[in-house]
Amino acid sequence: MPLEDGDPVRPRGRQVNGEVSGTPRLRGMGDPSLRSTTAPGGSRTDVMAEGCEPGPALDDGDVIPGGAPQQAWEPEEALMTELSELVQKVVKSSSWWERHGVDISILACSFLLLPAGFLCLRSAQAIPFLAGVLTLGVVHHTLTVKGSHLASHNALTKSKSWGKVWAIFFIELCSAFTVEQATYNHVKIHHGYTNIIGLGDSSTWKLPFLNRYVYMFIAPLAVPILTPLVALDLLRNVEWKAALRTLCCMFLGLYCHYWLLLHVSGFQSPWSALLCMLLTRSLLAHPYIHVNIFQHIGLPMFTAERKPKRIHLMSLGVLNLPRNALLDWSFGHSLISCHVEHHLFPSLSDNMCLKIKPIVSQYLKQKKLPYNEDTYSSRLWLFLQRYEELMVHAPPITELVGIQ
């Protein structure tokens, strides 16, 4: 049931920017059942199943949820179903261009900009050279962040076969990571168990041995180096055929970038080409790291044993940032201004998340559910002030009262 004025979210702690950062346990949430989830490669993690699975995959031809009879549903499940029906109407009335075409066009335009970027780097003058660095940096992040994210959710196409092809291309060839681990960690764990302690609580982004200024402003420069190293370590958890495919794609992607810098951009030494690779691949690494922590860490966290239903979990534990032309293009709306919508309906493309945003925000506010929004600068200042609490110490557990 929706939170009424007399049944607020009540933390045993304090609030920051209107968001809960409370303590020790949850009440009135029932005793959900447990399910075992198997990671790629066979490692098992016992995790909560009820209410934490990714939301309805809404696309043309999809049907809003079946299963238990409506009279047996709890009010929270009815809320999610009602919102899903509203969103489904928008999806069904949208054209292919709105569902997939806009985002595919952005990715295609990025490919078309690649030759211009490499050719600009041939110039000995500062302005064209910097234009080449900026172009390649933006293109790289558009393909590796926006492209990989959409591909991991199969939001670029209805075809599962083509979805797998695009996932391999964007995640392994462009991003130098492994598809199986990327989709498992992001789709199954982060989306399935958003802000659940020990599962989808974004703890993989924490490096408690670094101080706040190193983490926020210096460490992101190492992302292009750390990404393939982490991928190589994770290959132990996948089948040998997938590992071999990943190694070939990673090598091909990195070598093509290096070869083009030497033979098209005209770099004279391997070290200068490698330095340029690092520069372009880390151009937007700072906002990439920041966005990943700003939108979840510092918001309510829950235990797997006691947690709210899905619609409450996502409205409480996810935050939207304001629209930004550069980040909207490079990262996509679903990672910036429509992150709440994306977590509720993860199979929708960036453009569709933007289209349903007014419906979702109005519905959550109408039902007196949180709809978290904050500015980039405000979140940055919050993390600099409370870095030890948010990024070093274990996150506090939120207590909810009034959700039955």
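Predicted, not measured: the structure shown is a model, and the values here were computed from it. (Residues numbered from 1 in each chain as written. Predicted model: local features only at pLDDT ≥ 70, side-chain atom pairs only at ≥ 80, totals over all residues. Heavy atoms only, no water.)

Draft legend 1. Structural context of the overall build of the protein. Counting its regular elements, the protein contains 16 helices and 6 strands. Across the 404 residues in the protein, those meeting the buried criterion constitute 52%. Sequence separation of at least 24 residues holds for 72% of the intrachain contacts in the protein that already meet a minimum separation of 6. Surface exposure of the protein reaches about 18200 Å², of which carbon and sulfur atoms provide 64%. (Helix = DSSP H or I, 4+ residues; strand = E, 2+ residues; numbered from the N terminus. Buried < 20%, exposed > 50% of the residue type's maximum accessible area, 1.4 Å probe, protein only. Contact = heavy atoms within 4.5 Å. Areas by Shrake-Rupley, 256 points an atom, 1.4 Å probe, with all protein chains shown as cover.)

Draft legend 2. Geometry of the UniProt feature "transmembrane region" (unreviewed entry) in the protein. The UniProt record marks residues 213-235 and 242-260 with the feature "transmembrane region" (unreviewed entry), using the residue numbering of this structure. Strand forms 0% of residues 213-235 and helix 78%; the C-alpha atoms that close the span are 32 Å apart. Measuring from the first to the last C-alpha atom of residues 242-260 gives 27 Å, for a span that is 100% helix and 0% strand. (UniProt positions renumbered as here; feature names shortened; annotations may be inferred.)

Draft legend 3. Representation of the nonpolar core within the structure. Ranked by size, the top nonpolar core spans 31 residues in total, and within it Ile311, Leu344, Phe345, Val360 and Leu364 carry the most contacts. At the level of secondary structure, the elements contributing two or more residues to this core comprise α1 (75-92), α5 (179-191), α11 (310-317), α13 (339-344) and α14 (350-366). (Core = buried A, V, L, I, M, F, W, Y, C linked by side-chain atoms within 4.5 Å.)

Draft legend 4. Geometry of the side chain of Ser152. Of note, Ser152 is situated in helix α3 (residues 126-152). Excluding its chain neighbours within four sequence positions, the residues that come into contact with Ser152 are Ile171, Thr183, His186 and Val187.

Draft legend 5. View of the packing of helix α10 (residues 285-294) against helix α15 (residues 376-385). At their nearest, the axes of α10 and α15 sit 11 Å apart, and the two run at 80° to each other. As far as their axial angle goes, α15 and α10 are roughly perpendicular. On α15, the residues that touch His286, Pro287, His290, Val291, Ile293 and Phe294 of α10 are Tyr376, Arg379, Leu380 and Phe383. Tallied by class, the residues present in the contact of α10 with α15 amount to 7 nonpolar, 2 polar and 1 charged. (Axes fitted to C-alpha atoms, helices over the stretch in contact; angles between N-to-C directions. Parallel < 35°, antiparallel > 145°, perpendicular 65-115°, else oblique. Nonpolar A, V, L, I, M, F, W, Y, C, P; charged D, E, K, R; others polar.)

Draft legend 6. Local environment of the packing of α1 against α11. Where α1 contacts α11, the two axes come as close as 7 Å, and the packing angle between them is 75°. When the interaxial angle is binned, α1 and α11 end up roughly perpendicular. On the side of α1, the interface is formed by Glu76, Leu79, Met80 and Leu83, while α11 contributes Arg310, Ile311 and His312. Here the contact of α1 with α11 is built from residues that sort into 4 nonpolar, 1 polar and 2 charged.

Draft legend 7. Main features of helix α4 (residues 160-174). Taking 1.5 Å of rise per residue, 15 residues should cover 21 Å, and α4 covers 20 Å from first to last C-alpha, within 8% of that figure. Every buried residue of α4 is listed here: Gly163, Ala167, Ile168, Phe170, Ile171, Glu172 and Cys174. Packing partners of the buried residues in α4 comprise α2 (96-120), α3, α5, α8 (240-263) and α9 (270-281). Residue Ser159 occupies the N-cap position of α4, its side-chain oxygen lying 3.4 Å from the main-chain nitrogen of Ser161. A positive phi of about 60° marks Ala176, the residue just after α4. (Expected span 1.5 Å × (residues − 1). Polar contact = N/O pair within 3.5 Å; in protein donor to acceptor, adjacent residues only side chain to side chain.)

Draft legend 8. Quick look at the state of the cysteines. Taken as a whole and judged by the stated rule, the model has 0 disulfides. Here Cys249 is not disulfide-linked; the sulfur of Cys248 is the nearest cysteine sulfur, at 6.9 Å. (Disulfide = S-S within 2.5 Å.)

Draft legend 9. A look at the pattern of salt bridges. A full pass over the atoms with the stated rule returns 13 salt bridges. The shortest N-O distance in the salt bridge between Lys367 and Glu82 comes to 4.0 Å. With Lys367 in the loop between α14 and β6 (372-373) and Glu82 in helix α1, this residue pair connects regions lying 285 residues apart in the sequence. Exposure remark for Glu82: the relative accessible area of 35% places this residue in the partly exposed category. The salt bridge involving Glu180 is made with Arg245; its shortest N-O contact spans 2.9 Å. Note that Glu180 is positioned in helix α5 and Arg245 in helix α8, a separation of 65 residues in sequence. Through salt bridges with shared partners, one network takes in Lys164, Glu172, Glu180 and Arg245. (Salt bridge = Lys/Arg side-chain N within 4 Å of Asp/Glu carboxyl O.)

Draft legend 10. View of the side chain of Ser361. Among the structural elements, Ser361 can be located in helix α14. Classification of Ser361 by relative accessible area gives buried; the value is 13%. Side-chain polar atoms of Ser361 contact the backbone oxygen of Pro358, separated by 3.1 Å.

Draft legend 11. Region of the structure containing the packing of aromatic side chains. What the rule picks out here adds up to 13 aromatic pairs. Summarising the aromatic geometry, the rings of Trp166 and Phe169 are spaced 6.2 Å apart at their centres and angled 85° between planes, so their arrangement reads as edge-to-face. In this pair, Trp166 and Phe169 are both assigned in helix α4, 3 residues apart and thus about one turn of the helix distant. We classify Phe169 as partly exposed; its relative accessible area is 23%. Here the aromatic rings of Tyr255 and Tyr258 are separated by 6.3 Å at their centres, their planes lie at 45°, and the arrangement is tilted. Residue Tyr255 and its partner Tyr258 are located together in helix α8, separated by 3 residues, close to a single helical turn. Members of the aromatic cluster, connected to one another through ring pairs, are Phe111, Trp162, Trp166, Phe169 and Phe170. (Phe/Tyr/Trp six-rings, centres within 6.5 Å; stacked < 30°, edge-to-face > 60°.)

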